Amino acid sequence: MGNCLAPDISNILNDLDSIIPLFSQDIISIKKYVDDLYLVLNPGRIPEILSAFNSYHLRLRFTVEGEFDYSLPFLDLLIIRNPDGSLSTDWYTKPTYSGRLLNYFSQHPYHQIINVAKNLIHNNFPHKVTNKLLDSYINHITPVPPVLNSFQATPPLFQYRSLPYIPILSGNIQKSLRSTIPTYIGLKYHNKISNLFSKLKDPIPFLHHSYVVYRISCSTLCCNSFYIGETKYQLKNHISQHKTSINSCNPCPSKLSEHTLNLSHAFNFDNTSILATVRNHKKRLIAESIHINLTDNSVYLKVDKDCISLTYRHILNLIKSL
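Residues numbered from 1 in each chain as written. Predicted model: local features only at pLDDT ≥ 70, side-chain atom pairs only at ≥ 80, totals over all residues. Heavy atoms only, no water.

**Focus: the pattern of salt bridges**
Part 1: A full pass over the atoms with the stated rule returns 5 salt bridges.
Part 2: In this structure, Asp26 and Arg45 form a salt bridge, with 2.8 Å as the shortest nitrogen-oxygen distance. With a gap of 19 residues between them, Asp26 in the loop between α1 (6–14) and β1 (27–33) and Arg45 in the loop between β2 (36–41) and α2 (46–54) connect regions that are remote in the sequence.
Part 3: The partner of Arg81 in a salt bridge is Glu67, and the shortest N-O contact between them spans 2.8 Å. One end of the pair, Arg81, is in strand β4 (residues 77–81); the other, Glu67, is in the loop between α2 and β3 (71–74), with 14 residues separating them in the sequence.
Part 4: Residue class for Arg81 comes out partly exposed when judged on its relative accessible area of 40%.
Part 5: Here the residues in one salt-bridge network are Asp26, Arg45 and Glu48, joined through shared partners. (Salt bridge = Lys/Arg side-chain N within 4 Å of Asp/Glu carboxyl O. Helix = DSSP H or I, 4+ residues; strand = E, 2+ residues; numbered from the N terminus. Buried < 20%, exposed > 50% of the residue type's maximum accessible area, 1.4 Å probe, protein only.)

Shown next, in the form of structure tokens:
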């Protein structure tokens, strides 16, 4: 249930509680963890109960795993039925589990190998290493606090830094820094799984971008005007609206069509550029206003430029003059 849909699926499965009361006479005990159910019931009613659960939703299908050799796995437990009728549990691992986590001679930082040994001490590690860890762990349980008088300086604060992991070299640098500077060094890997695969998702075509602030330049000679606008729809749809308003001789929708019709100019729609991508509408209006104030000869409505206060416009003018 580590998928991003797990919360929604969990909510759906919680509604299965409405089915359980229908078989209250047959189900003696039930334990539930999201989509895993452990039931003690009458074996003769298993097909009927399974059919009821599978009829809850067309895309939900449950399977049954029965008791085998007086035991039944549930999550990471193996529930065992004893001869006297009582239940006992044991740790359960799947048949595919190899029992190995990290080989001692693996090319990993030494402290990571040691931490594996601490968590699973019986993983074929050398006895000298395990005994040393056990001794240090026992001594660490009851540490003797240092006695500081008023004349002693407080111990230095440790800093945390990261270094790229290079076998042998990183460990030597880590030891050298630890002995001279109160620093904890964390080692990070650059060869990640994501670097082994190319980006499988196709890039979004330029005109299919949405939630953008864009700029279109006037292509008429001796006119250095720019139109800056914003849209939450795909850029191609908004450009199409500009072209439609020009073709219908309607100057009202925007200053771009007004500039084109009143001055008989033409804008270069093929040279449209995206200035920013902002999903929030209010922030997108602010971004549009900032670009209008920073651009000379911009064609705009007064309300577009006045989206930010006079104080910030003064700062933008100072930035533009640099």
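Next comes the rest of the description.
**Notes on the packing of aromatic side chains**
Part 1: Inspection of every chain in the model, using the stated rule, returns 3 aromatic pairs.
Part 2: Judged by centre distance (5.7 Å) and plane angle (50°), the ring pair of Tyr38 and Phe74 falls under tilted. Within this pair, whereas Tyr38 is found in strand β2, its partner Phe74 is found in strand β3, the two being separated by 36 residues in sequence.
Part 3: Judged by its relative accessible area of 12%, Phe74 falls in the buried class. (Phe/Tyr/Trp six-rings, centres within 6.5 Å; stacked < 30°, edge-to-face > 60°.)

**A look at the sheet that holds β4**
Part 1: Reading across the sheet, the 3 strands line up as β3-β4-β5 and stay open at both edges, with antiparallel pairing between neighbours. For this open sheet the edge positions go to β3 and β5 (87–91), each flanked by a neighbour on one side alone. Averaged over all pairs of adjacent strands, the angle between strand axes in this sheet comes to 30°, irrespective of strand direction.
Part 2: Relative to β5, β4 runs antiparallel, the two sharing 5 bridges. The residue bridging Leu78 from the neighbouring strand is Asp90, located in β5. (Pairing = 2+ DSSP bridges. Axes fitted to C-alpha atoms, helices over the stretch in contact; angles between N-to-C directions.)

**Observations concerning the side chain of Ser217**
Part 1: Position of Ser217 relative to the elements: it lies in strand β8 (residues 212–217).
Part 2: You can call Ser217 buried: its relative accessible area is 16%.

**Let's talk about the environment of His291**
Part 1: Within the fold, His291 resides in helix α9 (residues 281–294).
Part 2: Through-space distance from the C-alpha of His291 to that of Val213 is 8.7 Å; in sequence the pair is 78 residues apart.
Part 3: Leaving out residues up to four positions away in the same chain, His291 has contacts with Val213, Ile228, Leu275 and Ala276. (Contact = heavy atoms within 4.5 Å.)

**Quick notes on the sheet that holds strand β9 (residues 226–231)**
Part 1: In spatial order, the strands read β10-β8-β9-β11; together these 4 strands make up an open sheet with mixed pairing. Of all strands in the sheet, those bounded by a partner on one side alone are β10 (273–277) and β11 (298–299).
Part 2: By the bridge criterion, 4 bridges tie β8 to β10 in an arrangement that is antiparallel. Of the residues in β10, the one forming a bridge with Val213 is Ala276.

**Remarks on the pairing of β4**
Part 1: Pairing of β3 with β4 involves 4 bridges; the strand directions are antiparallel. Bridge assignment links Phe74 to a residue of β4, and that residue is Leu77.
Part 2: The hairpin turn running from β4 into β5, its antiparallel successor, is 5 residues long, and Gly85 in that turn takes a positive phi close to 95°.

**Some details on unusual backbone geometry**
Part 1: At Asp69, a position not held by glycine, the phi torsion is positive, near 55°.
Part 2: Structurally, the position occupied by Asp69 is in the loop between α2 and β3.
Part 3: For Asp69, a relative accessible area of 60% translates into the label exposed.

**Brief notes about the environment of Gly66**
Part 1: With respect to the element layout, Gly66 can be found in the loop between α2 and β3.
Part 2: Judged by relative accessible area, which is 46%, Gly66 ranks as partly exposed.

**Thoughts on the environment of Lys118**
Part 1: Relative to the assigned elements, Lys118 resides in helix α3 (residues 110–119).
Part 2: We classify Lys118 as exposed; its relative accessible area is 52%.
Part 3: Separated by 16 residues in sequence, Lys118 and Leu134 place their C-alpha atoms 8.3 Å apart.

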